[in-house]
Each structure stands twice: as structure tokens, then as C-alpha cells.
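Spelled out from the first residue to the last, the chains are:
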Amino acid sequence: LSGMVVAIDGPSGSGKSSVSRGVAARLGLRYLDTGAQYRAMTYWMLQNKVDVGDPAAVAADAGTPVIVSGTDPAAPAIGVDGEDVAVQIREADVTGAVSAVAAVPEVRARLIALQREIIGGGGIVVEGRDIASVVAPAAGAKIFLTASQEARAARRNTENGGGAGGVAATREALTRRDSVDSRTNALAAAPGAVVVDATELTLEQVIEQVAGIVIHTA
Ligand code: C5P
């Protein structure tokens, strides 16, 4: 498995991050969260008062922030301009703006180049939206992780500590993000990807299933 690239794509709330980290830890692989990079880029834009609704403004600054991703599945780290932003990138302002920032081609080109650099010789689980289709089409194992919209909203709502508005509001926000995301990345399985539906499975069961798929394709 040492040179293998495992691509795990899927919509938000499918449990992708927990599954990807769990699979990487189990198989002794590195781990890369590409969503965290798009979030770090967005955080930097908001901090620097860039109008995230203006694609030209976002494009002009896409090359400026220095984004560093740790690849230890036990302690995923994300930094921008030397600041650890692991907590800040999960806040509502970033979540609300990230899809628009991620839709800017200059942002995608910059981060995809960075992702390919980190992937290097492999031995890594990479999670995102376009990993199997764009970032690493030669990945040895490709998983598309999905779940029903109810299960995704319930999961997100729990992660958010059952925030204002509850599951209904979370489901609405998810639907909105899916719709913006689907303009940039097909929220569908890439050719050759194995679809895993997490709706009725525990986290442990999904990790087990995905790790099994990886081992069988290796
Ligand atoms: O996975 P996560 O929900 O943290 O991703 C945040 C956002 O980053 C997504 O909603 C999407 O807009 C963007 N993204 C992307 N391509 C990726 C990973 C994330 O466009 N590979």
C-alpha cells in the first residue's frame, strides 16, 4: 500500500472526514483533507476583506495565502500564513462562503497543484469532491461515499452541536451548498469509483468496508 493513492469523494455530511481518517490510520497511510484547504483559502479571503462574492477579486488573491496541510490522520493540521486554523475553518462564516470561493478557477488550479505536490509518491488517503475525477485520476482505489439527505443533515447537525434551527435548518444549508458545489464538481461517482452508502452503517462499519475495498484493489 506504500505507494497507493486512495481517493474518497462525496457530498458534505456523508461522514467522509471521519471515514478517511479512520481508513488512513488503519492502513498506515497519510491523510489529506482537501476541503480544509478550500476552507483555509476562504478563511484567508474573509480575514483580508476580499469580497468573496466577486470572482475576479478572489482570483486576484488566489496565489497569495500560504496554505500548509499536515498529513497525520491522528492529528490533521491546517495552517494559513503560519496560523493554525483548524478550528476557525469550521465556523459558519467560512462554511457559508467556501462554495463560492471554491468555484473560482484560479483557486482550484492553485489548490489542485498543492494537492498533487502533497500526494507525491502516494501512500495517502485523499478526501474531497474531485479527487478521483480531476486531482488523482490514476488513484489505485476510488470510493464515492454517500448517505441519504436525512442522514447527512442529522450528522452535520450533531457535529454542529444541534445549532440554531436544528436539523431542518442544517438540511437547508446542506442543500444550498450541494447546489453551488454541483456547478463546480459533479456530486456523483467518477467512472471506476465504488459507491459506499453510509446511511444504515456505523462509522466503524464504513471504515471496515472501505479498508476492505482498498486492500482488495491493492
Ligand atoms: O469537505 P468540506 O465540506 O469541508 O468542503 C468544503 C467545501 O470545499 C465544499 O463545499 C466544496 O465547495 C469545496 N471543495 C471542493 N473540492 C474539493 C473539496 C472541497 O470544491 N476537493
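Residues numbered from 1 in each chain as written. Predicted model: local features only at pLDDT ≥ 70, side-chain atom pairs only at ≥ 80, totals over all residues. Heavy atoms only, no water.

Helices and strands together make up the secondary structure of the protein chain, namely 9 helices and 8 strands. The C-alpha atoms of the protein chain give a radius of gyration of 16 Å, which matches the 17 Å a tight globule of 218 residues would have. For the protein chain, the C-alpha atoms occupy an extent of roughly 45 × 40 × 30 Å along the three principal directions. Here the protein chain holds 218 residues, and 48% of them are scored as buried. When the accessible surface of the protein chain is totalled, it reaches about 9700 Å², and 55% of it is carbon and sulfur. Placing the 19 positive and 24 negative side-chain charges of the protein chain at their respective mean positions leaves the two points 3 Å apart. (Helix = DSSP H or I, 4+ residues; strand = E, 2+ residues; numbered from the N terminus. Rg over C-alpha atoms; globule rule 2.2 N^0.38 Å. Buried < 20%, exposed > 50% of the residue type's maximum accessible area, 1.4 Å probe, protein only. Areas by Shrake-Rupley, 256 points an atom, 1.4 Å probe, with all protein chains shown as cover. Lys, Arg positive; Asp, Glu negative; His and termini not counted. Charge placed at Lys NZ, Arg CZ, Asp CG, Glu CD.)

Following the UniProt record, the feature "binding site: ATP" (unreviewed entry) maps to G10, P11, S12, G13, S14, G15, K16, S17 and S18 here. Residues that both appear in the annotated list above and line the largest cavity are S14 and G15. With respect to the secondary-structure elements, S14 resides in the loop between strand 1 (5–9) and helix 1 (16–27). Excluding anything up to four places from it in sequence, S14 contacts L145, T146, R152, R155 and A198. Reaching out from S14, the side chain makes a polar contact with the backbone oxygen of P11 at a distance of 2.8 Å. According to the relative accessible area criterion, S18 is partly exposed, its value standing at 38%. Ignoring sequence-local partners within four residues, the contact set of S18 consists of L203 and I207. (UniProt positions renumbered as here; feature names shortened; annotations may be inferred. 1 Å grid on protein atoms, 1.4 Å probe; cavity = no way out; pocket = protein on both sides within 12 Å on 5 of 7 lines; lining within 4 Å. Contact = heavy atoms within 4.5 Å. Polar contact = N/O pair within 3.5 Å; in protein donor to acceptor, adjacent residues only side chain to side chain.)

So, about the sheet that holds strand 3 (residues 67–69). Pairing within the open sheet is antiparallel, and its 3 strands lie in the order 3-4-5. Edge positions in the sheet fall to strand 3 and strand 5 (83–84), since each has one partner strand and no second. (Pairing = 2+ DSSP bridges.)

Now for the pairing of strand 7 (residues 141–146). Of all 6 residues that make up strand 7, 6 are buried, and the element is covered over most of its length. Residue alternation in strand 7 divides its side chains into two sets, A141, I143 and L145 and K142, F144 and T146, and both sets are buried. The pairing of strand 1 with strand 7 spans 4 bridges and is parallel. When the bridges of strand 7 are listed, V6 appears paired with A141. Of the strand pairs in this sheet, strand 7 and strand 8 (residues 194–197) are connected by 4 bridges, and their pairing is parallel. Opposite T146, over in strand 8, you have D197 as the bridge partner.

Looking now at helix 1. Over its 12 residues, helix 1 extends 16 Å from the first C-alpha to the last, a length consistent with the 16 Å expected when each residue adds 1.5 Å. When helix 1 is considered as a whole, its buried residues turn out to be K16, V19, S20, G22, V23, A24 and L27. Looking at the packing, one finds that the buried side of helix 1 touches strand 1, strand 2 (30–33), strand 6 (124–128), strand 7 and helix 9 (203–217). Trailing helix 1 by a residue or two, G28 shows a phi angle of about 70°, which is positive. (Expected span 1.5 Å × (residues − 1).)

On to empty space enclosed by the protein, then. A full pass over the atoms with the stated rule returns 1 cavity of 30 Å³ or more. For the largest cavity, the calculated volume is near 30 Å³. If you trace the largest cavity, you find it lined by S14, G15, V19, R155, A198, L201, T202, L203 and V206. (Points joined across faces, edges and corners; volume = space filled by probe spheres on them.)

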